[in-house]
Amino acid sequence: AQSVTQPDIHITVSEGASLELRCNYSYGATPYLFWYVQSPGQGLQLLLKYFSGDTLVQGIKGFEAEFKRSQSSFNLRKPSVHWSDAAEYFCAVGPFGNEKLTFGTGTRLTIIP
Amino acid sequence: DGGITQSPKYLFRKEGQNVTLSCEQNLNHDAMYWYRQDPGQGLRLIYYSQIVNDFQKGDIAEGYSVSREKKESFPLTVTSAQKNPTAFYLCASSIVRTLGRNQPQHFGDGTRLSIL
């Protein structure tokens, strides 16, 4: 069975600092990986996705993520965070040929001045 | 603009009462999904449907029911059998995979259900 682990429940970062959110997955074959962001009381917005090819993927709002097969990881990064990046971030994995996604438990990001 | 509309935004249920959450999409997506979100637990799949008049149970289907009579609509009924229904419910939709790739799911803004 596939699973996703987001080890950090809550992260606090200063505005302008760099950010890395961790995501580890468990799946027997090449996974399809996604990062979503959720503002309070809202739905989820897709930040980026990885299907195949280049292991460094670019997304919206200046985010990027790197797929590392050897580490079963798909960490999300941003060079310089803005106060508007404060939200909850979810990593998700889906196997080939199946639209069912498995989500991690999320990482809440707080930005301090 | 195309999107997913969930209504109502807030819903209150009395003990022993069934309630129905609405989800409508105008994205012409084939697949639709219902998730339940609880604090610290991420999203858990309740039901999903890849085609009209067909749907499958997700990981936590007990106490819930759905229908898919139209491509655009996928209502979720929270029955009285669901003993702990207080949660945030999210509806999503996606294109059924093309070129062998899973397509990203698009989400509505959710319905928050509470027990009176």
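Cut-offs used in this document
Residues numbered from 1 in each chain as written. Chains lettered and ligands numbered in written order. Predicted model: local features only at pLDDT ≥ 70, side-chain atom pairs only at ≥ 80, totals over all residues. Heavy atoms only, no water. Contact = heavy atoms within 4.5 Å. Buried area = accessible area lost by both parts, 1.4 Å probe. Salt bridge = Lys/Arg side-chain N within 4 Å of Asp/Glu carboxyl O. Polar contact = N/O pair within 3.5 Å; in protein donor to acceptor, adjacent residues only side chain to side chain. Helix = DSSP H or I, 4+ residues; strand = E, 2+ residues; numbered from the N terminus. Nonpolar A, V, L, I, M, F, W, Y, C, P; charged D, E, K, R; others polar. Pairing = 2+ DSSP bridges. Buried < 20%, exposed > 50% of the residue type's maximum accessible area, 1.4 Å probe, protein only. Phe/Tyr/Trp six-rings, centres within 6.5 Å; stacked < 30°, edge-to-face > 60°. Lys NZ or Arg CZ within 6 Å of the ring centre and 35° of its normal.

K.L.:
How would you sum up the interface of chain B and chain A? Please name residues and give values.
P.N.:
Residue-level contacts link 25 residues of chain B with 24 residues of chain A. A combined buried area of about 2000 Å² lies between chain B and chain A, and 53% of that area is made up of carbon and sulfur atoms. Taken together, the links from chain B to chain A amount to zero salt bridges. Counting across the interface, chain B meets chain A through three residue pairs in polar contact (both at pLDDT 80 or more). Where the side of chain B that touches chain A is concerned, the elements lending two or more residues are β4 (31–37), β5 (43–51) and β9 (87–94) of chain B. Counting residues per element, the side of chain B that touches chain A draws most heavily on β5 of chain B, at four residues. Its residues assigned to classes, the side of chain B that touches chain A comprises 10 nonpolar, 10 polar and five charged.

K.L.:
Now, about the pairing of β5 of chain B: what can you tell me, with residues and values included?
P.N.:
All names here are of chain B. Both β4 and β5 contribute to a ladder of six bridges, which runs antiparallel. Looking at the pairing, R36 lines up with R44 of β5. Counting the residues in the hairpin turn of β4 and β5 gives five residues, including G40, whose phi is positive at 75 degrees. Relative to strand β6 (residues 54–57), β5 is paired through three bridges, and the arrangement is antiparallel. Across the sheet, I51 pairs through a bridge with D54, a residue of β6. Linkage of β5 to β6, two consecutive antiparallel strands, is achieved through a turn of two residues, within which N53 is found at a positive phi near 65 degrees.

K.L.:
Talk me through the environment of S72 of chain A; I want residue IDs and the actual numbers.
P.N.:
All names here are of chain A. Following the sequence through the fold, S72 ends up in the loop between β8 (64–68) and β9 (73–78). With relative accessibility at 26%, the residue S72 sits in the partly exposed group. For the pair S72 and G41, spaced 31 residues apart in sequence, the C-alpha separation works out to 31 Å. Residues contacting S72, with those up to four places away along its chain left out, are C23, N24 and Y25.

K.L.:
So what about the packing of aromatic side chains? Which residues, and what values?
P.N.:
Evaluated as defined, the whole model comprises 16 aromatic pairs over all chains. Seen from their ring centres, Y25 of chain A and F67 of chain A are 6.1 Å apart, and the 25 degrees between their planes marks the pair as stacked. Here F67 of chain A lies in strand β8 and Y25 of chain A lies in strand β4 (residues 24–26), a separation of 42 residues in the sequence. The exposure classification of Y25 of chain A matches that of F67 of chain A, with both residues buried. Cluster of aromatic residues (ring-pair linked, three or more members): Y32, F34, Y36, F51 and F103 of chain A together with Y33, Y35, Y48 and F107 of chain B. When the ring centre of F74 of chain B is taken as origin, the NZ or CZ atom of R68 of chain B, which lies over that ring, is 6.0 Å away.

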